[in-house]
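Overview (structure and organization)
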Amino acid sequence: MKKLSLLTVIACLAMFIYSCKAKKGGTEVSLAPGDAELKAIQVKFPDATAQTLSEGYGVYTGACTNCHGKKNMLKHTEEDWKKDIDRMSPRAKITDAQKDALWKYVLSIRAARGTAK
Ligand code: HEC
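Residues numbered from 1 in each chain as written. Predicted model: local features only at pLDDT ≥ 70, side-chain atom pairs only at ≥ 80, totals over all residues. Heavy atoms only, no water.

1. Considerations on the nonpolar core
Counting residues in hydrophobic clusters, the biggest one holds 20 residues, and the most contacted among them are Tyr60, Met73, Trp81, Leu102, Tyr105 and Val106. Mapped onto this core, the elements with two or more residues apiece are α2 (35-44), α3 (50-61), α4 (78-92) and α5 (96-113). Ranked by the residues each element gives to this core, the list is headed by α5, at six residues. The contacts of Trp81, once residues within four sequence positions are left out, are Tyr60, Lys71, Asn72, Met73, His76, Trp103, Val106 and Arg110. (Core = buried A, V, L, I, M, F, W, Y, C linked by side-chain atoms within 4.5 Å. Buried < 20%, exposed > 50% of the residue type's maximum accessible area, 1.4 Å probe, protein only. Helix = DSSP H or I, 4+ residues; strand = E, 2+ residues; numbered from the N terminus. Contact = heavy atoms within 4.5 Å.)

Take a look at the structure:
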């Protein structure tokens, strides 16, 4: 009986650790910009490159998540994002170039996966 409950505890722990990892991995993958995002953003910004998007992605998953988690890019409107990025950039202490890359990154995710808002 004692042995069984110890096994149960170990199994629960393993499942817990696994689910945390799976969740983290899944989020990273789904937020990374790829070909679809690049094509989608180039409709609006023809000069955007894969480099631009990966820089924006780096800012978003780095400086922007120092204080809070990742925000739902599809839930907020484009207008809200514009205001929030203007508001948050000084807090994140990012350069104008990083801010520009972040803006294009957010729009690329929205354009490829989101709503037309
Ligand atoms: C110094 C801490 C800090 C940093 C860095 C920061 N934020 Fe925030 N952010 C906050 C706080 C606090 C709030 C909630 C209060 C508010 O809206 O002002 C917030 C709110 C937001 C919101 C809207 C609130 C919501 O969930 O409806 C968005 C979107 C957002 N942040 C995005 C960003 C982005 C993008 C960056 C990177 C440029 C960033 N934040 C960097 C502290 C920070």
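Back to the text.
2. What about the coordination of the iron atom of the ligand?
For the iron atom of the ligand, every protein donor is listed as His68 (NE2) and Met88 (SD), and the spread of their distances is 2.0 to 2.3 Å. In this structure, the iron atom of the ligand is coordinated by six donor atoms arranged in octahedral fashion, with angles at the metal of 87 to 179°. Taken together, the positions of His68 in the loop between α3 and α4 and Met88 in helix α4 put the pair 20 residues apart, joining distant regions of the chain. Note on Met88: relative accessible area 23%, which makes it partly exposed. (Donors = N, O, S within 2.8 Å, 3.2 Å for Na, K, Ca; no water. Tetrahedral: all angles 85-135°; square planar, octahedral: opposite > 155°, others 65-115°.)

3. Focus: the pattern of salt bridges
The final tally for this structure, using the stated rule, is seven salt bridges. Residues Glu78 and Lys44 are paired through a salt bridge, measuring 3.0 Å at the closest nitrogen-oxygen approach. Note that Glu78 is positioned in helix α4 and Lys44 in helix α2, a separation of 34 residues in sequence. Take Glu78: its relative accessible area is 25%, and that puts it in the partly exposed class. Lys83 is the partner of Glu79 in a salt bridge, and the nearest nitrogen-oxygen pair spans 3.8 Å. Here the residue Glu79 and the residue Lys83 both occupy positions in helix α4, the gap between them amounting to four residues, near one helical turn. Salt bridges sharing partners connect three or more residues here, namely Lys82, Asp86 and Lys99. (Salt bridge = Lys/Arg side-chain N within 4 Å of Asp/Glu carboxyl O.)

4. Focus: the side chain of Arg110
Take Arg110: it is sitting in helix α5. Although buried, Arg110 forms no salt bridge, and the nearest oppositely charged side chain, Glu78, lies 4.9 Å from it. (Lys, Arg positive; Asp, Glu negative; His and termini not counted.)

5. Quick notes on the environment of Ala36
Within the element layout of this structure, Ala36 appears in helix α2. Along the backbone, Ala36 and Ala111 are 75 residues apart, and their C-alpha atoms lie at a distance of 9.1 Å.

6. Concerning the packing of aromatic side chains
Applying the stated criterion across every chain yields a total of three aromatic pairs. Pairing Tyr57 with Tyr105 gives two aromatic rings, centres 5.7 Å apart and planes at 55°, and the pair type is tilted. In this pair, Tyr57 sits in helix α3 while Tyr105 sits in helix α5, placing the two residues 48 residues apart along the sequence. Overall, Tyr105 belongs to the buried group, its relative accessible area being 0%. (Phe/Tyr/Trp six-rings, centres within 6.5 Å; stacked < 30°, edge-to-face > 60°.)

7. Description of the packing of α3 against α5
Relative to each other, α3 and α5 sit at 100°, their axes nearing to 7 Å. In terms of axis orientation, α3 runs roughly perpendicular to α5. Residues Thr52, Leu53, Glu55, Gly56, Tyr57, Val59 and Tyr60 of α3 lie in contact with α5, whose contacting residues are Ala97, Gln98, Ala101, Leu102, Lys104, Tyr105 and Ser108. In the contact of α3 with α5, the residues fall into eight nonpolar, four polar and two charged. (Axes fitted to C-alpha atoms, helices over the stretch in contact; angles between N-to-C directions. Parallel < 35°, antiparallel > 145°, perpendicular 65-115°, else oblique. Nonpolar A, V, L, I, M, F, W, Y, C, P; charged D, E, K, R; others polar.)

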